[in-house]
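# Close look at the chain arrangement
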Amino acid sequence: QVQLVESGGGLVQAGGSLRLSCAASGRPFRVMFSGWYRQAPGTPREMVASIYGGGVTAYADSVKGRFTVSLDNAKNTMYLQLNSLKPEDTAVYYCHSQSLGNDYWGQGTQVTVSS
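Summary of the structure given here. As the structure is a prediction and not an experimental result, all values here were calculated from the model.

## Some words on the sheet that holds strand 7 (residues 67-72)
Strand order in the open sheet formed by 4 strands is 1-3-8-7, with antiparallel pairing between adjacent strands. On the outer flanks of this sheet lie strand 1 (3-7) and strand 7, each paired with one strand and no other. Put simply, the sheet's adjacent strands are angled 20° from each other on average, direction ignored. Two strands pair when backbone bridges link them, and strand 7 and strand 8 (residues 77-82) are joined in this way by 6 bridges, in the antiparallel orientation. In the sheet register, Val69 faces strand 8, and the bridge partner there is Leu80.

Given below as structure tokens:
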């Protein structure tokens, strides 16, 4: 069983930065396919970044060059660095991992970007 606990959301002005954290227990991130999703009110949940194999990353076009996903294997924690934030980045952000055919989700953390 994998548990994911997120932290780091908040309110920030446009152009600002935040760092989200996702701590895992039960299985190391380096052996899982993991990523960050977000969901704004009235919209479907969308993937913004993924990481697997310990360091292979991919990003949604809307966040490329602004967001960075990374792992700290010693802490078994995944991060999402959000830079140059825009009001349209406002959403609940969820961390996700997939392992042995099972999907695991964090509880979500709110990111609000004011204009």
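That shown, we press on.
## Some details on the nonpolar core
Counting residues in hydrophobic clusters, the biggest one holds 28 residues, and the most contacted among them are Leu4, Phe29, Trp36, Met78, Leu80 and Tyr93. In terms of residues, this core owes the most to one element, strand 3 (residues 18-25), which gives 4 residues. Those residues within four positions of Leu4 in sequence are excluded, and the remaining contacts are Cys22, Ala23, Ala24, Phe29, Cys95, His96, Ser97, Tyr104, Trp105, Gly106 and Gln107.

What counts and what doesn't
- Residues numbered from 1 in each chain as written.
- Predicted model: local features only at pLDDT ≥ 70, side-chain atom pairs only at ≥ 80, totals over all residues.
- Heavy atoms only, no water.
- Pairing = 2+ DSSP bridges.
- Helix = DSSP H or I, 4+ residues; strand = E, 2+ residues; numbered from the N terminus.
- Axes fitted to C-alpha atoms, helices over the stretch in contact; angles between N-to-C directions.
- Core = buried A, V, L, I, M, F, W, Y, C linked by side-chain atoms within 4.5 Å.
- Buried < 20%, exposed > 50% of the residue type's maximum accessible area, 1.4 Å probe, protein only.
- Contact = heavy atoms within 4.5 Å.

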